[in-house]
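Take a look at the letters that make up each chain.
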Amino acid sequence: MAPAFKLLRWPALYLLYPAGITQEQFAPMPDSLPPDSVGLVTPRTLHFSEPLPLACGQSLPEYDLVIETYGELNAEASNAVLICHALSGHHHAAGFHEMSDRKPGWWDSCIGPGKPIDTNHFYVVSLNNLGGCHGSTGPTSTNPATGKCYGPDFPVITVKDWVSSQAALADRLGIQCWAAVVGGSLGGMQALQWSLTFPDRLRHAVVIASTPRLTAQNIAFNEVARQAITSDPEFYEGRYQEHNATPRHGLTLARMVGHITYLSDASMGEKFGRDMREQAYKFGYDAEFQVESYLRYQGERFSESFDANTYLLMTKALDYFDPAYDADNNLAAALSQAQCEFLVLSFSTDWRFTPARSEELVKAMIAARRKVSYAEIDAPWGHDAFLIPTPRYIDAFSAYMKRVAREVGA
Amino acid sequence: MRADLEIIEKWIQPNSHVLDLGCGDGTLLDYLQRERQATGFGLEINPEHITTCMGRGVCVIEQDMDEQGLGNFENQSFDVVLMTQALQAVRRPDVVLDEMLRLGRECIVTFPNFAYWRLRWYLMRNGRMPESETLPYKWYNTPNIHLCTFNDFEALCYRKNIKIKNRTVVDGEHRYRWFNRLWPNMLGQIAIYRITR
């Protein structure tokens, strides 16, 4: 199997690493980049000195956002598309930072020339959200009030707060109205929140593999992840940086349990089955099954590159997201303020945010008489399917985005 | 534009909110949106059709009404509910009719007439289940599991207290012909009914 294909089949691998981390299994450095890639890209950091009021009551006096952009903004500034990332994502959504990068950005399957979010037509903006650990202001940043890193004092950020910061970003880039705001999973929640907070600042919201609110089971998984982190002796109440420590073990466990929820029983079964590293049982407690060593490996790699406080914050943002809450738990009433058109996509084997969750969202949109299209894509990859270019997914997504491009004259 | 769709279009008031059950590639909804400023949704299960709808700006919902029902739509939430050439393919046409009238003030239904003289002749001459251009399937692989005649449909409407506001009968190519109207249940191939409660 070609290495590139291997990557596509295991998108979780994809999400794990910030660019630049090398792995033996990937192909050696290419001489040229694929023709449907946005090519070499450079992130940039924008500083915002206006305070940002937050849902928790606090406010951020100033902050940085790291972004990448692909394609060209047209003269009317009508062709801009905002990409919102999921739990462990970041600004590097497409292309390569250096020729020596072994893999492209996390959503390269969908962003680029001729891809669903076609950079020949759209100006694509991707950012690392506040509270993240890839350059935007977050728990690892310095608190201007104390001169020390924020750590656990960094305020809990909600999806609404992210959308407010993204609106400030849009202002800075001269974008009054997005052609589309697009996201998968937690990113889809941001797209949905955009339609409610700034109804006149987007034409389309694309909500993929997402949900209008977490279920008790979703929250339960997040709680296990948080407990894994906070019970690590190296956590020091979140002040591990001051103690020159890292709650690596807790973060590893958190990622292992999260990772299971991103895959499906079928896709794990196909990849690992009951395969063992050695033939005979050892009657011990080391990793004997391939799936065990895979999870340990993924968890450990993740713990080397991700911040524990950011992980806590992201899971909390997921838990709190509930646009119906402000409308007496009536999602349709909440959605009645939206003006944009919606595309909602779900995946048949996604058990983290099942098709039923998307259908609940679509039902409320229909009741609110919003314009919505919905498809359930048959794909075996579980929640991670939104990162994998399944033909039907790409066809539907492309058809919709082509129409958006026509509409905005891109 | 297919002739039957043109007839349907005339029955739809401007700015209507429309639900099209089995909307295909969205031709009718697209037309109604442009010519009648209609809004609304199409239901479809064919992936290619769904993609086509998305590409042309027709709101399409992937939903199998036979499997999932129509419970996600609210009572009287549409001006018109349409179903073209699908009534004979659902598991319970009577239940679907009730559901359509629950959702819409008015419904438009089209279906093929199993009492068309050629089908009657086919059955009488061959003693085999009729096949025709409109119904090109074998008895064992046909999606049309509930074929009926115009008279059957009208009897059902009578039993259910459904009012028939209009009926138009066309031929297999959806053309208006004088002889279709002469003796519809014998000479008509496809009927377009406009019904309400």
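Since this is a predicted model, take the numbers as computed values, not measurements.

Parameters at a glance
- All chains use their own residue numbering, which begins from 1 and follows the written sequence.
- In the order they appear in the text, chains get letters beginning with A and ligands get numbers beginning with 1.
- Note on the predicted model: pLDDT of at least 70 is required for a residue's local features to be given, and 80 or more for side-chain atom pairs to be given and counted; whole-chain, interface and lining totals, by contrast, use all residues.
- Here the side-chain values reflect all heavy atoms present in the structure, with hydrogen atoms and water set aside.
- Per the convention used, a helix needs a DSSP run of H or I reaching at least four residues, while a strand needs a run of E reaching at least two, with both numbered from the N terminus.
- The reference for a compact globule is 2.2 Å times residues^0.38; the radius of gyration itself is calculated from the C-alpha atoms.
- The cut-offs for exposure are 20% and 50% of the maximum accessible area for each residue type, with area from a 1.4 Å probe on protein chains only; residues under the lower value are buried, those over the upper are exposed, and the others partly exposed.
- Residue contacts are counted whenever heavy atoms from the two residues lie within 4.5 Å of one another.
- Under the convention used here, a 1.4 Å probe and the Shrake-Rupley method define accessible areas, while residue burial counts only the protein chains that appear.
- Positive: Lys, Arg. Negative: Asp, Glu. His and the chain ends are not part of the count.
- Charge positions are represented by NZ for Lys, CZ for Arg, CG for Asp and CD for Glu.
- Any carboxyl oxygen of Asp or Glu that lies within 4 Å of a side-chain nitrogen of Lys or Arg is treated as forming a salt bridge with it.
- Pairs of N or O atoms within 3.5 Å make up the polar contacts considered here, provided that, within protein, one atom can donate a hydrogen while the other can accept it, and that residues adjacent in sequence are counted only when both atoms are side-chain atoms.
- Axis definition: a line fitted to C-alpha atoms, over the contacting stretch in the case of helices. Angles run 0 to 180 degrees between N-to-C directions.
- For classification, angles of less than 35 degrees are called roughly parallel, those exceeding 145 degrees roughly antiparallel, those between 65 and 115 degrees roughly perpendicular, and all remaining angles oblique.
- Each crossing is labelled by how the near helix is turned from the far one, with a counterclockwise turn of less than a right angle marking it left-handed and a clockwise turn marking it right-handed.
- Grouping into patches uses exposed residues only, defined as over 30% relative accessible area, and leaves out salt-bridged ones; the cut-off is 9 Å for like charges and 5 Å for nonpolar side chains (Val, Leu, Ile, Met, Phe, Trp, Tyr).
- Three classes are used, and their members are as follows: Ala, Val, Leu, Ile, Met, Phe, Trp, Tyr, Cys and Pro are nonpolar, Asp, Glu, Lys and Arg are charged, and the others, Gly among them, are polar.
- The definition of a nonpolar core used throughout is a set of buried Ala, Val, Leu, Ile, Met, Phe, Trp, Tyr and Cys residues joined through side-chain atoms within 4.5 Å.
- A residue's pLDDT is the predictor's confidence in that residue, given on a scale from 0 to 100.
- Aromatic pairs are defined between Phe, Tyr and Trp rings, using the six-membered ring for Trp, whenever the two ring centres lie within 6.5 Å; interplanar angles under 30 degrees are classed as stacked, those over 60 as edge-to-face, and all others as tilted.
- In this scheme, Lys NZ or Arg CZ marks a charge over a ring once it lies within 6 Å of the ring centre and within 35 degrees of the ring normal.
- Strand pairing is assigned whenever DSSP detects at least two bridges linking the two strands.
- Orient the strands so they point away from the viewer; a crossover is then right-handed if the path from the first strand over the helix to the second runs clockwise.

Structural notes on the overall build of chain A
Next, step 1: Each helix and strand counted, chain A has 12 helices and 12 strands in total.
Next, step 2: At 21 Å, chain A has a C-alpha radius of gyration in line with the 22 Å of a compact globule built from 410 residues.
Next, step 3: Here chain A holds 410 residues, and the buried ones make up 59% of them.
Next, step 4: Within chain A, residue pairs in contact and separated by at least 24 positions form 73% of the contacts whose partners lie at least 6 positions apart.
Next, step 5: Only carbon and sulfur atoms are counted for the fraction: they give 51% of the accessible area of chain A, which is about 16,200 Å².
Next, step 6: For chain A, the distance from the average site of its 33 positive side-chain charges to the average site of its 45 negative ones is 4 Å.

Some thoughts on the interface of chain B and chain A
Frequently, the measure chosen for interface size is the accessible area that the parts lose on association.
Next, step 1: Taken together, the contacts link 20 residues of chain B with 22 residues of chain A.
Next, step 2: Across the contact surface, chain B and chain A share one salt bridge.
Next, step 3: A salt bridge links Arg392(A) to Glu62(B); the nearest nitrogen and oxygen atoms lie 2.8 Å apart.
Next, step 4: Where chain B meets chain A, there are eight residue pairs in polar contact (both at pLDDT 80 or more).
Next, step 5: Residue assignment for the side of chain B that touches chain A shows that the elements contributing at least two residues are helix H3 (47–56) and strand E3 (60–62) of chain B.
Next, step 6: At six residues, H3(B) tops the list of elements feeding residues into the side of chain B that touches chain A.

Side note on the packing of helix H1 (residues 3–10) of chain B against helix H2 (residues 27–35) of chain B
Residue and element names in this part refer to chain B.
Next, step 1: Between H1 and H2, whose axes approach to 11 Å, the crossing angle comes to 40°. Judged on the interaxial angle alone, H2 and H1 are oblique. Handedness of the crossing formed by H1 with H2: right-handed. Each of Leu 5, Ile 8 and Glu 9 in H1 lies in contact with H2, whose residues at this interface are Thr 27, Leu 28, Tyr 31 and Leu 32.

Considering a nonpolar patch on the surface
Residues and elements named next belong to chain B.
Next, step 1: A contiguous nonpolar surface patch, about 380 Å² in accessible area, is contributed by Trp 117, Trp 121 and Met 124.
Next, step 2: Here Trp 117 is to be found in helix H6 (residues 117–126).
Next, step 3: A residue is classified by how much of its surface remains accessible, and Trp 117, at 38% relative accessible area, is partly exposed.

Comments concerning the packing of helix H6 (residues 248–262) of chain A against helix H8 (residues 290–305) of chain A
Residue and element names in this part refer to chain A.
Next, step 1: As a packed pair, H6 and H8 sit with axes 8 Å apart at the nearest point and diverge in direction by 125°. Regarding the angle of H6 to H8, the classification is oblique. As for the relative orientation of H6 and H8, their crossing is right-handed in sense. Contact residues: Arg 248, Leu 251, Thr 252, Arg 255, Met 256, His 259 and Ile 260 in H6; Tyr 294, Leu 295, Arg 296, Gln 298, Gly 299, Glu 300, Phe 302, Ser 303 and Glu 304 in H8.
Next, step 2: Considered class by class, the residues forming the contact of H6 with H8 number six nonpolar, five polar and five charged.

Focus: the side chain of Asp319(A)
All names here are of chain A.
Next, step 1: Within the element layout of this structure, Asp 319 appears in helix H9 (residues 308–320).
Next, step 2: A polar side-chain atom of Asp 319 sits 2.7 Å from a polar atom in the side chain of Asn 222.
Next, step 3: Only 2.7 Å separates the side chain of Asp 319 from the side chain of Arg 226, close enough to count as a polar contact.
Next, step 4: Ignoring sequence-local partners within four residues, the contact set of Asp 319 consists of Leu 214, Ile 219, Asn 222 and Arg 226.

Some thoughts on the nonpolar core
Residues and elements named next belong to chain A.
Next, step 1: In this structure, Trp 107, Ile 117, Tyr 393 and Phe 397 are the most contacted members of the largest nonpolar core, which totals 171 residues.
Next, step 2: Counting residues per element, this core draws most heavily on helix H12 (residues 391–407), which supplies eight residues.
Next, step 3: Setting aside residues up to four positions removed in sequence, Trp 107 forms contacts with Ile 83, Ala 93, Ile 117, Val 182, Ile 208, Phe 386, Leu 387, Tyr 393 and Phe 397.

Some remarks on the side chain of Asn144(B)
Residues and elements named next belong to chain B.
Next, step 1: With respect to the element layout, Asn 144 can be found in the loop between H6 and helix H7 (150–159).
Next, step 2: Asn 144 gets classed as buried once you look at its relative accessible area, which sits at 9%.
Next, step 3: A polar contact is formed between the side chain of Asn 144 and the side chain of Gln 88, at a distance of 3.1 Å.
Next, step 4: Beyond its immediate chain neighbours, meaning those up to four positions away, Asn 144 contacts Gln 88, Ala 89, Leu 135 and Tyr 137.

Digging into the confidence of the model for chain A
Residues and elements named next belong to chain A.
Next, step 1: Averaged over every residue, the pLDDT of chain A is 93; the share at 70 or more is 93%.
Next, step 2: Below pLDDT 50 for its whole length, residues 1–9 participates in 15 contacts with residues either more than four positions away or in separate chains.
Next, step 3: Low pLDDT, under 50, characterises residues 11–28; the predicted model gives this stretch 53 contacts beyond four residues in sequence or across chains.

Quick look at the packing of aromatic side chains
For any pair of aromatic rings, the description rests on two quantities: the centre-to-centre distance and the angle between the ring planes.
Next, step 1: Taken as a whole, this structure holds 25 aromatic pairs over all chains when the rule is applied.
Next, step 2: Summarising the aromatic geometry, the rings of Phe111(B) and Phe153(B) are spaced 4.8 Å apart at their centres and angled 45° between planes, so their arrangement reads as tilted. Separated by 42 residues along the polypeptide, Phe111(B) in strand E5 (residues 104–112) and Phe153(B) in helix H7 bring together distant segments of the chain. Across this residue pair, the class does not change: Phe111(B) and Phe153(B) are buried.
Next, step 3: Ring-pair connections join several aromatic residues into one group, and the members of that group are Trp106(A), Trp107(A), Phe347(A), Phe386(A), Tyr393(A) and Phe397(A).
Next, step 4: Between the NZ or CZ atom of Arg255(A) and the centre of the ring of Phe302(A), over which it lies, the distance is 4.3 Å.
Next, step 5: Sitting over the ring of Tyr400(A), Arg403(A) keeps its end group 5.7 Å from the ring centre.

A few points about the pairing of strand E12 (residues 372–377) of chain A
The side chains of a regular strand alternate between the sheet's two faces.
All names here are of chain A.
Next, step 1: In terms of residue burial, E12 counts as a mostly covered element, since five of its six residues are buried.
Next, step 2: Relative to E12, strand E11 (residues 341–347) is paired through six bridges, and the arrangement is parallel. Paired with Ser 346 across the bridge in E12 is Glu 376.
Next, step 3: Regarding the hand of the β-α-β motif, the stretch spanning E11, helix H11 (residues 355–367) and E12 is right-handed.

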